[in-house]
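Spelled out, the chains give:
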Amino acid sequence: MGQARGGRIQLIYDYEYLLRRLYERLPAKTAKASRFELPRLVVERVGTKTVIRNFKQVADVMRREPRLLMRYLLKELGTSGNYDEENGMLVINAKVSTATLNNLIQRFVKTYVICPTCGAPDTRLVRKGKTWILVCDACGAEQPVPPF
Ligand SMILES: [Zn+2]
């Protein structure tokens, strides 16, 4: 039957092709609609420590691993800390002002999230050896970024 043959031809599309096509179609949609708005940081000082209570939420909005964002912040602050996975909080072993944290987050977003070519936030950080590349799902641009 002609129908059956047609069905067979469909199978020529391999999984990778379909996946690629899916990815090509998805971001274009979201890129238009997405207005990138970070939640306001909920910062609390506990003794000599500083806690960002909604840390995971912030990382999720920018589609970054919380631990990656943590590494950036701690390096920039020159201090230590740890990510409380259960509560989605970041505990920083220093007194840090909310303004400082906001500045650092903004800088991270500018360098490691927003596509410099089209301005979309629909990006991924891809590691190629020692090089980090910001790959944009909206326009396809690839931009090397400084590792940390
Ligand atoms: Zn782009």
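By the naming in an unreviewed UniProt entry, the protein chain is Translation initiation factor 2 subunit beta, taken from Pyrodictium occultum. One UniProt comment on the protein chain, placed under Subunit (unreviewed entry), says "Heterotrimer composed of an alpha, a beta and a gamma chain."

Engineer: So what exactly am I meant to see when it comes to helix H4 (residues 66–77) here?
Structural biologist: Along an α-helix, residues three or four positions apart point the same way, because every turn accommodates 3.6 residues. Its 12 residues give H4 an end-to-end C-alpha distance of 16 Å, which sits within 8% of 16 Å, the value for a rise of 1.5 Å per residue. Considered for burial, the residues of H4 that qualify are Pro66, Leu68, Leu69, Met70, Tyr72, Leu73 and Leu74. In the stretch just after H4, glycine 78 is the one whose phi turns positive, near 65 degrees.

Engineer: Looking at this structure, I do not really get the coordination of the zinc ion. What am I missing?
Structural biologist: When a metal carries six donors in an octahedron, the ideal angles between them are 90 or 180 degrees, while four donors in a tetrahedron ideally lie at 109.5 degrees. Surrounding the zinc ion are the protein donor atoms Cys115 (SG), Cys118 (SG), Cys136 (SG) and Cys139 (SG), at 2.3 Å. Here the zinc ion is ringed by 4 donor atoms whose angles at the metal span 105 to 112 degrees, and the overall shape comes out tetrahedral. Read from N- to C-terminus, the donor residues coordinating the zinc ion fall into the pattern C-x2-C-x17-C-x2-C. Taken together, the positions of cysteine 118 in the loop between helix H5 (98–112) and strand E5 (123–128) and cysteine 139 in the loop between strand E6 (131–136) and strand E7 (142–145) put the pair 21 residues apart, joining distant regions of the chain. The exposure class assigned to cysteine 139 is partly exposed, which follows from its relative accessible area of 40%.

Engineer: I tried to follow the sheet that holds strand E3 (residues 81–84) on my own but got confused; where do I start?
Structural biologist: Each strand in a sheet pairs with another by means of backbone hydrogen bonds, the pair being arranged parallel or else antiparallel. Taken in spatial order, the 4 strands make up an open sheet running E1-E2-E4-E3, and their pairing is antiparallel. Strands at the two margins of the open sheet, each flanked by one partner only, are strand E1 (43–46) and E3. The sheet shows a mean angle of 20 degrees between the axes of neighbouring strands, direction not considered. By the bridge criterion, 4 bridges tie E1 to strand E2 (residues 49–52) in an arrangement that is antiparallel. Each residue of the ladder has a partner; that of valine 46, found in E2, is lysine 49. Contacts between H4 and the sheet are confined to E2, E3 and strand E4 (89–92), with E3 contributing the most and set at about 160 degrees to the helix. Against the sheet, H5 makes contact with E1, E2 and E4, and its axis sits at roughly 130 degrees relative to E1, the strand it touches most.

Parameters and conventions
- Residues numbered from 1 in each chain as written.
- Predicted model: local features only at pLDDT ≥ 70, side-chain atom pairs only at ≥ 80, totals over all residues.
- Heavy atoms only, no water.
- UniProt positions renumbered as here; feature names shortened; annotations may be inferred.
- Helix = DSSP H or I, 4+ residues; strand = E, 2+ residues; numbered from the N terminus.
- Expected span 1.5 Å × (residues − 1).
- Buried < 20%, exposed > 50% of the residue type's maximum accessible area, 1.4 Å probe, protein only.
- Donors = N, O, S within 2.8 Å, 3.2 Å for Na, K, Ca; no water.
- Tetrahedral: all angles 85-135°; square planar, octahedral: opposite > 155°, others 65-115°.
- Pairing = 2+ DSSP bridges.
- Axes fitted to C-alpha atoms, helices over the stretch in contact; angles between N-to-C directions.
- Contact = heavy atoms within 4.5 Å.

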